[in-house]
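A structural walkthrough
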Amino acid sequence: MLLIEALRVLICLCAGEILSGLGVLPFPGSVIALVLLLANLALIGEVPPQLGRLADNVLAVLGMLFVPTGVGLLAYTHLLRKEFAPIAAAILGGTLLTIVVTAFAAKRLAELETRKRIARDREAVDVAL
Amino acid sequence: MSPFDPVAWHKIELVPAVGVGATIAAYVVAVRLQRWSGGSAIFNPTLIAILLLALAVKLSGIDYADYARSAGVVTFALSPAVVLLAVPLFRQRRLIRDSARVILGSLALGLPTGVLSATGIAWLLHADRVTILSLAPKSTTAGIAIGISEKIGGAPSLTAVLVIMTGITGAVIGPFVTRQMGVSDPRSVGLAMGIASHGIGTARALQMGETAGAFAGLGMSLNGILTAILLPLAANLF
């Protein structure tokens with residue numbers, strides 16, 4: 001039932017908000033809840049079909065859900081204007097650097113993995129011969 | 001009662017149908033605009049909807065707090081939506097197991113680079129403390145970034161906008177930068193785009209191919225969770 005799946009999500013969220021709100025864990029409540037739901041799914045071993053449908057429908061409009069929060073930038077127009085240069089530099093420079101470092105790390109690791117697999121396959125061939 | 005009664009109109013502004021309706025209307029217009037532009041990342045529907053509504057709120061003289069209250073249901077839905085990110089992540093568990101080393105290694109370098117490069121540049125250029133704290137979670141998906149920003153003393157509204165700007169930047173420069181670097185492996189391109197520029201980068205990676213898109217999505221979710229754990233811990237140290 002769809003409502004049961006919605007309840008599953010909300011129970012995780014309540015637990016997460018309690019753990020976060022009482023300061024038991026310093027992380028955002030919704031992220032604690034995400035990990036709880038992940039643990040729950042690991043226990044079940046599969047995604048219940050109704051939960052899957054709920055996730056697909058909600059995540060399709062995820063981009064709309066932080067629009068009201070974003071409109072709050074009206075209170076920061078002064079700060080944005082004053083700090084335009086550092087913000088622009090941080091976003092452009094930071095994003096560029098992150099892409100370069102991550103792509104380089106992923107590429108090297110993927111190459112290493114491929115080389116190891118080839119070595120392992122060759123060993124297996126040697127043993128077979 | 002006069003049809004121009006200001007007290008009555010103020011009450012009407014606070015009705016959820018007005019705020020929620022305006023938000024959905026602005027978003028639908030923005031999505032149409034992006035489709036009409038051929039799916040360009042610059043026409044990001046969230047950013048355009050924010051600008052449309054900010055303009056409307058400013059021109060009509062409505063208090064932002066009143067709009068935020070009447071659109072409160074939309075903002076509330078953000079938390080369960082973040083929880084639901086567990087579903088696509090769990091569906092990809094086999095992909096994670098098969099490429100664990102590549103994924104974890106990319107995160108180990110990409111996550112701190114994302115946080116430290118942005119905050120470092122802003123700090124070097126003498127940015128305000130609020131700006132630096134709001135920039136720290138900029139590479140994570142907005143729902144998670146807003147939660148982190150609240151926890152570490154940033155401004156959630158500012159973070160939301162900085163996150164979108166980061167996403168657009170990554171989506172625009174990502175394919176070009178990785179090509180210039182000679183990185184063609186779709187797993188690597190996807191991880192770089194997802195870890196650096198979350199959902200907006202992931203959408204762009206999906207246009208490049210299914211594998212790149214899947215790995216971008218994984219990079220985005222794992223980067224979000226790990227940043228939400230590590231940033232508050234690091235902020236507690238200072």
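Residues numbered from 1 in each chain as written. Chains lettered and ligands numbered in written order. Predicted model: local features only at pLDDT ≥ 70, side-chain atom pairs only at ≥ 80, totals over all residues.

So, about the overall build of chain A. Per the secondary structure count, chain A includes 7 helices and 0 strands. Mapped from its N terminus to its C terminus, chain A presents α and β elements in the order α-α-α-α-α-α-α. Taking 14 Å as the expected radius of gyration for a compact globule of 129 residues, we find that chain A reaches 23 Å, considerably beyond that expectation. Evaluated residue by residue, chain A yields a buried proportion of 39% over its 129 residues. Expressed as a percentage of contacts within chain A between residues at least 6 apart in sequence, the contacts between residues at least 24 apart total 37%. (Helix = DSSP H or I, 4+ residues; strand = E, 2+ residues; numbered from the N terminus. Rg over C-alpha atoms; globule rule 2.2 N^0.38 Å. Buried ≥ 20, exposed ≤ 12 C-beta atoms within 10 Å, placed from the backbone. Contact = placed C-beta atoms within 7 Å.)

Looking only at helices and strands, one finds 13 helices and 0 strands in chain B. Reading the helices (α) and strands (β) of chain B from amino to carboxyl end gives α-α-α-α-α-α-α-α-α-α-α-α-α. What you see for chain B is a C-alpha radius of gyration of 20 Å, in line with the 18 Å of a compact globule of 238 residues. When the backbone C-alpha atoms are referred to their principal axes, chain B occupies close to 70 × 45 × 35 Å. Long-range contacts, defined here as pairs at least 24 residues apart, represent 61% of the contacts in chain B between residues at least 6 apart.

To continue, consider the domain arrangement of chain B. Residue and element names in this part refer to chain B. Splitting chain B by domain gives domain 1 (6–77) and domain 2 (86–237). The C-alpha-based centres of domain 1 and domain 2 are spaced at 26 Å. Contact residues are listed per partner, giving 7 residues for domain 1 and 8 residues for domain 2. (Domains from an automatic or database assignment.)

We now examine the packing of helix H2 (residues 16–36) of chain B against helix H3 (residues 45–60) of chain B. All names here are of chain B. Viewed as axis vectors pointing N to C, H2 and H3 meet at an angle of 135 degrees, and their least axial separation amounts to 8 Å. Considered as vectors, H2 and H3 are oriented oblique to each other. Note that H2 runs across H3; the crossing there is right-handed. Across the interface between the two elements, Ala22, Thr23, Ala26, Tyr27, Val29, Ala30, Val31, Leu33 and Gln34 from H2 touch Pro45, Ile48, Ala49, Leu52, Leu53 and Ala56 from H3. Residue composition of the contact of H2 with H3, grouped by class: 13 nonpolar, 2 polar and no charged. (Axes fitted to C-alpha atoms, helices over the stretch in contact; angles between N-to-C directions. Parallel < 35°, antiparallel > 145°, perpendicular 65-115°, else oblique. Left-handed = near helix turned anticlockwise from the far one by under 90°. Nonpolar A, V, L, I, M, F, W, Y, C, P; charged D, E, K, R; others polar.)

Moving on to the domain arrangement of chain A. For chain A, the assigned domains are domain 1 (1–65) and domain 2 (71–129). Computed from C-alpha coordinates alone, the two centres of domain 1 of chain A and domain 2 of chain A are separated by 28 Å.

Here we come to helix H5 (residues 72–84) of chain B. In this model, H5 of chain B (13 residues) spans 19 Å end to end at C-alpha, consistent with the 18 Å of a helix rising 1.5 Å per residue. Every buried residue of H5 of chain B is accounted for by Val74, Thr75, Leu78, Ser79, Pro80, Ala81, Val82, Val83 and Leu84 of chain B. (Expected span 1.5 Å × (residues − 1).)

Among the structural elements, Leu78 of chain B can be located in helix H5. A tally of 23 C-beta atoms within 10 Å means that Leu78 of chain B is categorised as buried. For the pair Leu78 of chain B and Ala214 of chain B, spaced 136 residues apart in sequence, the C-alpha to C-alpha distance is 22 Å. When residues no more than four places from it in sequence are discounted, the contact partners of Leu78 of chain B are Leu65 and Phe66 of chain A together with Gly143 of chain B.

In this complex, chain B contributes 92 residues to the contact, which on the side of chain A involves 64 residues. For the side of chain B that touches chain A, the element with the most residues is helix H11 (residues 156–180) of chain B, which contributes 14 residues. Residues of the side of chain B that touches chain A, tallied by class, amount to 59 nonpolar, 24 polar and 9 charged.

Let us look at the packing of helix H12 (residues 186–208) of chain B against helix H13 (residues 210–237) of chain B. Residues and elements named next belong to chain B. Put simply, H12 and H13 touch, their axes get as near as 6 Å, and they point 75 degrees apart. It follows from the interaxial angle that H12 and H13 lie roughly perpendicular. When grouped by side-chain class, the residues that make up the contact of H12 with H13 number 14 nonpolar, 11 polar and 1 charged.

The subject of this paragraph is the nonpolar core. Leu34, Leu37 and Val67 of chain A together with Ala49, Val83 and Ala86 of chain B are the most contacted members of the largest nonpolar core, which has 106 residues in total. Residue contributions to this core peak at 11 residues, all from helix H7 (residues 84–128) of chain A. Apart from residues lying up to four places away in sequence, Ala49 of chain B is in contact with Met64 and Val67 of chain A together with Ala26, Tyr27 and Ala30 of chain B. (Core = buried A, V, L, I, M, F, W, Y, C linked by C-beta atoms within 7 Å.)

A separate point is the confidence of the model for chain B. For any part of a model where pLDDT is low, the fine detail of the predicted coordinates should not be relied upon. Residues with a pLDDT of 70 or more make up 100% of chain B, whose mean pLDDT is 92. Interface confidence for the predicted complex, expressed as ipTM, amounts to 0.90; the pTM equals 0.89. (pLDDT = per-residue confidence, 0-100.)

The next thing to look at is helix H1 (residues 2–21) of chain A. All names here are of chain A. With 20 residues, H1 ought to run about 28 Å at 1.5 Å a step, and its terminal C-alpha atoms sit 28 Å apart, in line with that. Within the span of H1, buried status applies to Arg8, Val9, Cys12, Leu13, Gly16 and Ser20. Mapping the buried residues of H1 onto a view down its axis gives an arc of 125 degrees, with all of them on the same face. With respect to the buried face of H1, the exposed residues turned more than 90 degrees away are Leu3, Ile4, Leu7 and Gly21. (Arc of directions from axis to C-beta.)

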